[in-house]
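Residue-level structure breakdown
So you can see what is in the structure, the chains are spelled out below.
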Amino acid sequence: AQKVTQAQTEISVVEKEDVTLDCVYETRDTTYYLFWYKQPPSGELVFLIRRNSFDEQNEISGRYSWNFQKSTSSFNFTITASQVVDSAVYFCALSDSTRDNFNKFYFGSGTKLNVKP
Amino acid sequence: DAGITQSPRHKVTETGTPVTLRCHQTENHRYMYWYRQDPGHGLRLIHYSYGVKDTDKGEVSDGYSVSRSKTEDFLLTLESATSSQTSVYFCAIRKLAGGNTDTQYFGPGTRLTVL
């Protein structure tokens with residue numbers, strides 16, 4: 001069965017600190033996709049990144065970076081030099097390529113990040 | 001912006017009444033989804049559609065039905081609302097763009113309160 005675990009319910013940091021959000025996933029499929037979404041206080045869901053299981057290269061986009069490790073089934077998200085605008089709930093999600101599940105996303109319960117000035 | 005609108009954006013209703021939520025998209029995407037978001041659970045899939053009149057259940061489909069008579073509209077119906085269906089409901093579409101932008105994009109959400 002597919003499952004995504006975000007064990008950190010809430011994290012508080014002071015502006016300019018680095019912070020890592022953890023995501024651990026479970027799937028029996030060998031081909032799968034991982035995602036991160038951001039939900040700011042305004043409520044919309046914003047797509048951040050998609051990663052394929054066959055591409056373990058880490059990704060960096062500005063202050064954001066993602067560390068994908070198949071050996072530990074983790075897809076962690078790091079924000080460098082956090083800013084108040086990073087305050088949001090962040091969701092990790094999984095989709096695999098089995099016939100029934102290709103279009104289904106399984107979301108973790110989310111991590112609420114509070115960045116204080 | 002994925003061209004998704006949801007209506008209504010907020011609704012308060014009473015237990016036992018029927019409720020229909022509408023999702024409308026302007027970009028002709030084949031796949032559409034309904035999720036509910038509850039504290040501690042993230043987003044959970046209720047139903048999804050892979051074409052006109054083609055729908056399937058998600059993990060929390062009990063008490064919900066859906067219909068898709070046109071590509072652009074995906075309706076979620078609570079036949080007899082219960083307090084446990086108080087939630088924020090999100091509609092999503094799948095953009096089959098290929099590459100790393102191939103993902104689901106979400107509408108603004110509908111906050112439903114069942115008293």
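This write-up is about the structure you can find in this document.

Criteria and thresholds
Residues numbered from 1 in each chain as written. Chains lettered and ligands numbered in written order. Predicted model: local features only at pLDDT ≥ 70, side-chain atom pairs only at ≥ 80, totals over all residues. Heavy atoms only, no water. Helix = DSSP H or I, 4+ residues; strand = E, 2+ residues; numbered from the N terminus. Rg over C-alpha atoms; globule rule 2.2 N^0.38 Å. Buried < 20%, exposed > 50% of the residue type's maximum accessible area, 1.4 Å probe, protein only. Lys, Arg positive; Asp, Glu negative; His and termini not counted. Charge placed at Lys NZ, Arg CZ, Asp CG, Glu CD. Disulfide = S-S within 2.5 Å. Phe/Tyr/Trp six-rings, centres within 6.5 Å; stacked < 30°, edge-to-face > 60°. Pairing = 2+ DSSP bridges. Axes fitted to C-alpha atoms, helices over the stretch in contact; angles between N-to-C directions.

Let us now look at the overall build of chain B. Across its full length, chain B holds zero helices and eleven strands. In terms of overall size, chain B behaves like a compact globule, its C-alpha atoms giving a radius of gyration of 14 Å where 115 residues would be expected to give roughly 13 Å. When the backbone C-alpha atoms are referred to their principal axes, chain B occupies close to 45 × 30 × 25 Å. The buried share of chain B, taken over its 115 residues, is 50%. Taken as two groups, the 13 positive and 12 negative side-chain charges of chain B have centres that lie 2 Å from each other.

This brings us to the state of the cysteines. All names here are of chain A. One pass over the full model with this rule turns up two disulfides over all chains. Each sulfur in the disulfide pair Cys23 and Cys92 lies 1.9 Å from the other. The disulfide joining Cys23 to Cys92 has a torsion of about -65° about its S-S bond and is therefore left-handed. Of this pair, Cys23 sits in the loop between strand 3 (19-21) and strand 4 (24-26) while Cys92 sits in strand 10 (residues 88-96), placing them 69 residues apart in sequence. Both residues of the pair, Cys23 and Cys92, count as buried.

A few words on the packing of aromatic side chains. Residues and elements named next belong to chain A. Applying the stated rule across the entire model yields 23 aromatic pairs over all chains. With 6.4 Å between their ring centres and 85° between their planes, Phe91 and Phe107 make a pair best called edge-to-face. Of this pair, Phe91 sits in strand 10 while Phe107 sits in strand 11 (residues 106-107), and the two are 16 residues apart along the sequence. No difference in accessibility class separates Phe91 from Phe107, as the two residues are buried.

All names here are of chain B. Ordered by their spatial adjacency, four strands build an open sheet running 1-3-8-7, and the pairing between neighbours is antiparallel. At either margin of the open sheet sits one strand with a lone partner, and together these are strand 1 (4-7) and strand 7 (64-70). Strand-to-strand twist of the sheet, defined as the mean angle between neighbouring strand axes without regard to direction, takes the value 20°. Alignment of strand 1 against strand 3 (residues 19-25), held across four bridges, turns out to be antiparallel. Considered in strand 3, the bridge of Thr5 is made with His24.

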